[in-house]
Amino acid sequence: MALRALTTFLVVGGGLLLAAVPVFLVGRVRNEPRLVRSFGLGAIAVAILCAAIAAGSERQVAQCLEAGNSDCIDSGAAGLQLVIVVIYVIAAWSTAWLTYRE
């Protein structure tokens, strides 16, 4: 269970940090370290949330299989993670664009 959570944290966190590169570049050019720090910490927070969702989903599926069910899938967890990641990416890119336009 911990391996899936760690893997999810690393993959999602790395992807979010890559998606936030425009914000980091604009923040450096405009000399706004608070912007860079807030989106960096936001990426870590979203990655922790996605890791917790993945761990909970894995535990739920394991309990379902232990109960004797053969068709145990938790598709809602992947959808929730996707929604959270897309919201972060939209916020990062729109913030980068609006800060760049100032």
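Here's a quick rundown of the structure. Please read these numbers as outputs of a predicted model, since none were measured by experiment.

Examining the environment of alanine 55
When you line up the elements, alanine 55 lands in helix α3 (residues 33–66). Through-space distance from the C-alpha of alanine 55 to that of alanine 77 is 9.7 Å; in sequence the pair is 22 residues apart.

Here's the deal with the side chain of threonine 99
Tracing the sequence through the fold places threonine 99 in helix α4 (residues 75–101). If near-sequence neighbours (up to four positions away) are discounted, threonine 99 is found in contact with Val26, Arg30, Glu32 and Leu35.

Points about the nonpolar core
Ranked by size, the top nonpolar core spans 21 residues in total, and within it Leu16, Val23, Phe39, Val46 and Tyr88 carry the most contacts. The leading source of residues in this core is α3, at eight residues. Leave out the neighbours within four places in its chain, and leucine 16 touches Ala43, Val46, Ala47, Val85, Tyr88 and Val89.

Some points on α3
Between its first and last C-alpha atoms α3 spans 50 Å; for 34 residues at 1.5 Å apiece the expected length is 50 Å, and the two agree. At the C-terminal side of α3, glycine 68 shows a positive phi close to 100°.

What counts and what doesn't
Residues numbered from 1 in each chain as written. Predicted model: local features only at pLDDT ≥ 70, side-chain atom pairs only at ≥ 80, totals over all residues. Heavy atoms only, no water. Helix = DSSP H or I, 4+ residues; strand = E, 2+ residues; numbered from the N terminus. Contact = heavy atoms within 4.5 Å. Core = buried A, V, L, I, M, F, W, Y, C linked by side-chain atoms within 4.5 Å. Buried < 20%, exposed > 50% of the residue type's maximum accessible area, 1.4 Å probe, protein only. Expected span 1.5 Å × (residues − 1).

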